[in-house]
Each structure stands twice: as C-alpha cells, then as structure tokens.
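# Topology and contacts: notes
Each chain is listed here by its residues.
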Amino acid sequence: MTIIDVVDLKKYFTLSTPILEMETGVVKAVNGISFHINHGETLGLVGESGSGKTTTGKLILRLLKPTAGKILLEGRDISKISDREFRAIRKDLQVVFQNPYASLDPKMTIQDILTQPLTIHKIVQPLEYSKEVVRLLNLVGLSKKDANRFPHEFSGGQRQRIGIARAISTKPKFIVCDEPVSALDVSIQSQILNLMMDLQREFKLSYLFIAHGLNVIKHVSNRVAVMYLGKIVEVGNAETIFNTPKHPYTKALISASPIPDPDIKRERIILKDEIPSPINIPTGCTFHTRCAECMDICRSNEPELQGLDEHQIACHLVNF
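Conventions used here
Residues numbered from 1 in each chain as written. Predicted model: local features only at pLDDT ≥ 70, side-chain atom pairs only at ≥ 80, totals over all residues. Heavy atoms only, no water. UniProt positions renumbered as here; feature names shortened; annotations may be inferred. Pairing = 2+ DSSP bridges. Helix = DSSP H or I, 4+ residues; strand = E, 2+ residues; numbered from the N terminus. Contact = heavy atoms within 4.5 Å. Axes fitted to C-alpha atoms, helices over the stretch in contact; angles between N-to-C directions. Core = buried A, V, L, I, M, F, W, Y, C linked by side-chain atoms within 4.5 Å. Buried < 20%, exposed > 50% of the residue type's maximum accessible area, 1.4 Å probe, protein only. Domains from an automatic or database assignment. Arc of directions from axis to C-beta. Buried area = accessible area lost by both parts, 1.4 Å probe. Salt bridge = Lys/Arg side-chain N within 4 Å of Asp/Glu carboxyl O. Polar contact = N/O pair within 3.5 Å; in protein donor to acceptor, adjacent residues only side chain to side chain. Nonpolar A, V, L, I, M, F, W, Y, C, P; charged D, E, K, R; others polar.

Under an unreviewed UniProt entry, the name given to the chain is ATP-binding cassette domain-containing protein, and the organism recorded is Tissierella pigra. Here the chain is described in UniProt, under the heading Sequence similarities (unreviewed entry), as follows: "Belongs to the ABC transporter superfamily."

Structure below.
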C-alpha cells in the first residue's frame, strides 16, 4: 500500500528582470515526474546538483506550490487542499534538513525546540511536555541533561540527532530526509543513518531520502529513483539499480562511486561536458548531450519511463 503517490509533478520558476519586469526565462526544476513510496519504505532520490531532488522534497511538503501535477498522501491530493485543511495533516509530513548548524534556532533551548511542535500539534498535554522531551532525546541517543542546553553546545552529529527528534515528535507517517548526513563527518554519518533506520523500523516510518552519495543511498534505500534535469530516468529496487543499472546516466553515477575494497577495480565512465542549464533543456532525451551512446532518435524523441515490474528506465537504448 502506498503512502505517497506523485503524478506528473512539475515545478517551473519564472525568471524576470527587476527593472523592466520582463520574463527572461523559465527554470524547469521538476519537469513531469511520477513515482510512489510504500508504507514503511525508503525511496532514495539521487542525482547531480540541479537535478531537482530538493525541489521535489519541498513540493511534497508543500513548502513550494507545484506548477502542475498531483501529490497524494494516502490517496488524498494534498496539492489541491486549502492551507487550513493542510494544517490538520501537517504533523504527518516532517523533514530532516541538510545543515544541522542552520536548522536549529540558536536562541532556543533544546527543551523549547522540541516542545514547540508538541504545542502546535497538540501531541501531548502541557503537563507531559517535559516527560515527552526526555523520551524524544532518549530515542535519539541523548539524555535529560541535554534539554536545557543550547544548539551551539552540541556537535554537528548531536545537532542532527536533535533535528531527527524534532521530526519524529509529531508522530509522523512520512519524513523527507534532505541530505541529512552530507554536512557531517564520515565517522558520524553511519551512526546517524543507523539511528534513522532503527526509528523507521520502530515507528513504521516512510522516507524520501535525498542524497548525493550513492553509498549512503545504497545503505538506506529499498528502492532508488535517479533524477536528471528535472526528470526521473531510472527507478527500481535498490539491489537491481546498483547491480544491473540500465540507463547510461545511472551507470556513470555508480562508476564514480568509491569502493572501500582497493582490490576491486571498476571502470570509470567519464561524462562529457557539464549538466545543461534547466533554463535551456535539450530536446529529445535530456541526457543526449552527454551520452556516449547517443543515437539520432535520442536528439529528437523524448523516451518514456517504462519497464517490467518495478524497474523502469527512460532510454531508447533499452528494449523491453
């Protein structure tokens, strides 16, 4: 059973000159994507910077309004409901931000930071706030004595634990994890990832996990979606994507991912040129300007995302 269904989602940003107030272009940050996330599942969303990953997360959270398309939360289109209706279900959708140094108010104690969502969403009675804060801190590996401290007194990893505690404080169904470990030391990353996976199992959470690092995505994801220039070019079971990738872009990303075993050699695929601007997206297949296997049809016809079972690929090279 799915918890999130995204249908033909689009987000365009209009560029204009402030003096003449003239439209100068349109950034197609998310350009017609569709995917689903099952209950208790983690969908890893991966791609280069500028591919539209974070924008997708913000659209699902309604931090941005979509240009077109649908976002269904357990079958209900939350992209069309009013702000008042959405406030009633805001607690079901939470986020863990990328930068733990910027996501916590430096003027608030941890007690206040964690009490705020409890108050807004009426999670527990006021007399139980302190007890609930201690429970949340214990869940993420912190203690009661940390409640009266300020964010600057914690390390980056500890701050991210507090951010995770805040996210789960409303007892959500779904969490967008926007590169939650990219700002942390490598030695701390695995601790945070394992914590998030433990919490997922305990509370039956569903994640959209956005990341650059493929090793991180491989570790936490049940399924993986690969984005390029606002489009999903391949999606499928994590094991299938990493062991038998089909799209040339997915193959290039995986080839660039470091392998911890020095005895294992892997051929590196070097992509030519830079990723095109989302203001001027290539015709046909958006990846054809960088693809070593480009054919004439790739320059004119945009491939559809299709496949067998859960593994889908948008590429003219793949036959089904």
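Before going further, it helps to examine the sheet that holds strand β2 (residues 23-38). Strands sit in the order β2-β1-β4-β5 across an open sheet of four strands; the sheet is antiparallel. On the outer flanks of this sheet lie β2 and β5 (76-77), each paired with one strand and no other. Pairing between strand β4 (residues 68-73) and β5: two bridges, direction antiparallel. If you follow leucine 73 over to β5, its bridge partner there is arginine 76. Packing against the sheet, helix α1 (residues 53-60) makes contact with β1 (2-16), β2 and β4, and its axis sits at approximately 70° to β2.

A few words on the nonpolar core. A general feature of soluble globular proteins is that nonpolar side chains tend to end up buried together. Core analysis: the largest hydrophobic core is formed by 57 residues, its most contacted members being Ile164, Ile175, Met196, Leu199, Phe209 and Val224. Counting contributing residues, this core receives three or more from each of domain 1 (2-92 + 170-313) and domain 2 (99-169). If sequence neighbours within four positions are ignored, leucine 199 has contacts with Leu139, Val140, Ile164, Ile168, Lys204, Leu205 and Tyr207. Listed in part, the 29 residues of the second largest apolar core include Ile37, Ile78, Ile232 and Val235.

Let's shift gears to helix α4 (residues 129-139). Here α4 has its buried residues at Tyr129, Glu132, Val133, Leu136 and Leu137. All buried residues of α4 lie within an arc of 140° about the axis, which places them on one face of the element. If you follow the buried residues of α4, they end up packed against α3 (110-120) and α5 (156-168). Backbone geometry just downstream of α4 places glycine 141 in the positive-phi region, at approximately 90°.

Next up on the list: the domain arrangement of the chain. Segmenting the chain into domains produces domain 1 (2-92 + 170-313) and domain 2 (99-169). Relative to domain 2, the C-alpha centre of domain 1 lies at a distance of 29 Å. Taken together, the two surfaces of domain 1 and domain 2 that pack against each other cover about 1,400 Å², and 72% of this comes from carbon and sulfur. When the buried area of domain 1 at its contact with domain 2 is split by residue, Thr170, Lys171 and Leu195 rank highest and sum to 33% of it. Our count for the domain 1 to domain 2 interface comes out at zero salt bridges. Applying the counting rule to domain 1 against domain 2 returns five residue pairs in polar contact (both at pLDDT 80 or more). The leading source of residues in the side of domain 1 that touches domain 2 is helix α6 (residues 186-203), at eight residues. Taken together, the residues of the side of domain 1 that touches domain 2 break down into 12 nonpolar, two polar and four charged.

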